[in-house]
Amino acid sequence: MNASEHRVAGLGAQLIDTIDNVIAGKHDVAEVAVATILSGGHLLIEDIPGVGKTLLAQVLARSIGGSFHRIQGTSDLLPGDVTGSMVPTGRLDADSMTFRPGPVFANIVVFDELNRATPRTQSALLELAEEATVNVDGVVHPLPDPFMIIATQNPIDISGTYGLGDGSLDRFRAVVTPGRAPAAAELEVLTGRRGRGMLDAVEPVASTDDLAAARRA
């Protein structure tokens, strides 16, 4: 293993440890999430609500000193609500419209309940996941670097969902189903040794530049 590989492995271990310090009983999910972000991919989590999906993304964002946004999938969510859109500036000249970035403009983006969004909105998200850019009115806007989507999907037997096709699933580097944590891990959350209450104590173990360099390596 050369020096560059040692640095990447060290960063990966630090990120996993940070997640483990907050999220109880999900070490295997932490490993997959870190492998996904280091490889420049996106993660899909298929499970019921309340298993720590959003918290995982928030810990990752804080660990790299990056920005975090959350999008809630609903049937009335439009592509522009995700990507951003042109809005009036209030001036009556050639620059009377300006681009207002959507919530995808962050280093770590959680899209909760992706399969509750319509196929049109799903398609907009998955296109920018592939290109790492947003195209509005013929103008290309690059997304932050690094950029990662952590999408969640309800079980397909829940009403009001739009299933993702095989082509859509290809946009994700990994798909995981965490399941409920063991009783001992849930006890750590109840007693405050793990869980959301630990989020404020998370300090960056790297910068976004460090992560971008690790991805190139």
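Engineer: Help me out: how do you make sense of helix α8 (residues 208-216) in this one?
Structural biologist: Residues lying three or four places apart along an α-helix face the same way, a consequence of the helix completing one turn every 3.6 residues. Listed as buried for α8 are Leu-211, Ala-212 and Ala-214. For α8, the angular spread of buried residues about the axis comes to 160°, placing them on one side. Seen from the open side of α8, the exposed residues pointing more than 90 degrees away from its buried face are Asp-209 and Arg-216. Those residues of α8 that are buried lie in contact with α1 (3-22) and α2 (27-38).

Engineer: Help me understand the nonpolar core, please; the structure alone is not making it clear to me.
Structural biologist: Inside soluble globular proteins, nonpolar side chains tend to come together where they are buried. Grouped together as the largest cluster of nonpolar side chains are 33 residues, with contacts concentrated most on Ile-19, Leu-38, Leu-43, Leu-56, Ile-108 and Ile-150. Mapped by element, the contributors of at least two residues to this core are α1, α2, β1 (43-46), α3 (53-63), β5 (108-112), β8 (148-153), β9 (174-176) and α8. Not counting residues up to four positions away in its chain, the partners in contact with Ile-108 are Ile-37, Ala-57, Ala-61, Ile-64, Ser-67, Phe-68, His-69, Met-148 and Ile-150. In this structure, Leu-44, Val-109, Leu-114 and Ala-129 belong to the second largest nonpolar core, which totals 24 residues.

Engineer: Looking at this model, I keep getting lost on the pattern of salt bridges. Mind explaining?
Structural biologist: Note on pairing: side chains with opposite charge can pair once their charged atoms come close. As enumerated under the stated definition, the model contains 4 salt bridges in all. Its salt-bridge partner being Arg-62, residue Asp-200 comes within 3.7 Å of it at the nearest N-O pair. Remark: Arg-62 occurs in helix α3 and Asp-200 occurs in the loop between α7 (183-190) and α8; sequence separation between them is 138 residues. Two residues, Glu-113 and Arg-116, come together in a salt bridge whose shortest N-O distance is 3.2 Å. When its relative accessible area of 19% is taken as the criterion, Glu-113 is described as buried.

Engineer: Explain the packing of aromatic side chains here, please?
Structural biologist: To describe a pair of aromatic rings, you give the distance between the ring centres and the angle between the ring planes. Throughout the structure, instances matching the rule amount to 1 aromatic pair. Seen from their ring centres, Phe-99 and Phe-105 are 5.9 Å apart, and the 65° between their planes marks the pair as edge-to-face. The burial state of Phe-99 is the same as that of Phe-105; both residues are buried.

Engineer: Please clarify how the sheet that holds β1 should be interpreted in this entry.
Structural biologist: Either a parallel or an antiparallel arrangement is found when strands of a sheet pair, and the pairing is made through backbone hydrogen bonds. Read across the open sheet, the 5 strands follow the order β2-β5-β8-β1-β9; overall the sheet is parallel. Of all strands in the sheet, those bounded by a partner on one side alone are β2 (68-72) and β9. For this sheet, the mean angle separating the axes of adjacent strands, direction not counted, is 15°. Where β1 meets β8, 4 bridges bridge the pair, whose relative direction is parallel. When the sheet's bridge partners are listed, Glu-46 is paired in β8 with Gln-153. Packed on one face of the sheet, α3 meets β1, β2, β5 and β8 and runs near 170° to β5.

Engineer: Any chance you could explain the pairing of β8 here in plain terms?
Structural biologist: Regular strands place side chains that alternate from one sheet face to the opposite one. Taking burial as the measure, the 6 residues of β8 include 6 buried ones, the bulk of the element. Both faces of β8 are covered, namely the face carrying Met-148, Ile-150 and Thr-152 and the face carrying Ile-149, Ala-151 and Gln-153. Relative to β8, β5 runs parallel, the two sharing 4 bridges. Looking at β8, one finds that Val-110 is bridged to Ile-150.

Engineer: Honestly, α1 in this entry has me stumped. Any pointers?
Structural biologist: If you check α1, its first and last C-alpha atoms are 29 Å apart, about what 20 residues at 1.5 Å a residue would give, namely 28 Å. Of the surrounding elements, those touching the buried residues of α1 are α2, α3 and α8.

Engineer: Would you mind going over the side chain of Asp-20 with me for this structure?
Structural biologist: You can see Asp-20 is positioned in helix α1. Of the residues examined, Asp-20 reaches a relative accessible area of 18% and is grouped as buried. Polar contacts involving the side chain of Asp-20 include one to the side chain of His-27, which spans 2.6 Å. If sequence neighbours within four positions are ignored, Asp-20 has contacts with Lys-26, His-27, Ala-30 and Arg-194.

Engineer: Looking at this structure, how should I read unusual backbone geometry?
Structural biologist: Across residues other than glycine, the phi torsion is negative in most instances, and most of the peptide bonds are trans. The omega torsion of the bond from Asp-145 to Pro-146 falls at 5°, within 30 degrees of zero and hence cis. Considering the arrangement of structural elements, one finds Pro-146 in the loop between β7 (139-142) and β8. Not every positive phi belongs to a glycine, and Glu-113 is a case in point at roughly 55°. Here Glu-113 shows up in the loop between β5 and α5 (119-131). Even without a glycine there, the phi angle at Asp-137 is positive, about 55°. Along the chain, Asp-137 turns up in the loop between β6 (133-136) and β7.

Basis of the calculations
Residues numbered from 1 in each chain as written. Predicted model: local features only at pLDDT ≥ 70, side-chain atom pairs only at ≥ 80, totals over all residues. Heavy atoms only, no water. Buried < 20%, exposed > 50% of the residue type's maximum accessible area, 1.4 Å probe, protein only. Helix = DSSP H or I, 4+ residues; strand = E, 2+ residues; numbered from the N terminus. Arc of directions from axis to C-beta. Contact = heavy atoms within 4.5 Å. Core = buried A, V, L, I, M, F, W, Y, C linked by side-chain atoms within 4.5 Å. Salt bridge = Lys/Arg side-chain N within 4 Å of Asp/Glu carboxyl O. Phe/Tyr/Trp six-rings, centres within 6.5 Å; stacked < 30°, edge-to-face > 60°. Pairing = 2+ DSSP bridges. Axes fitted to C-alpha atoms, helices over the stretch in contact; angles between N-to-C directions. Expected span 1.5 Å × (residues − 1). Polar contact = N/O pair within 3.5 Å; in protein donor to acceptor, adjacent residues only side chain to side chain.

Read these as geometric descriptors, not functional statements.
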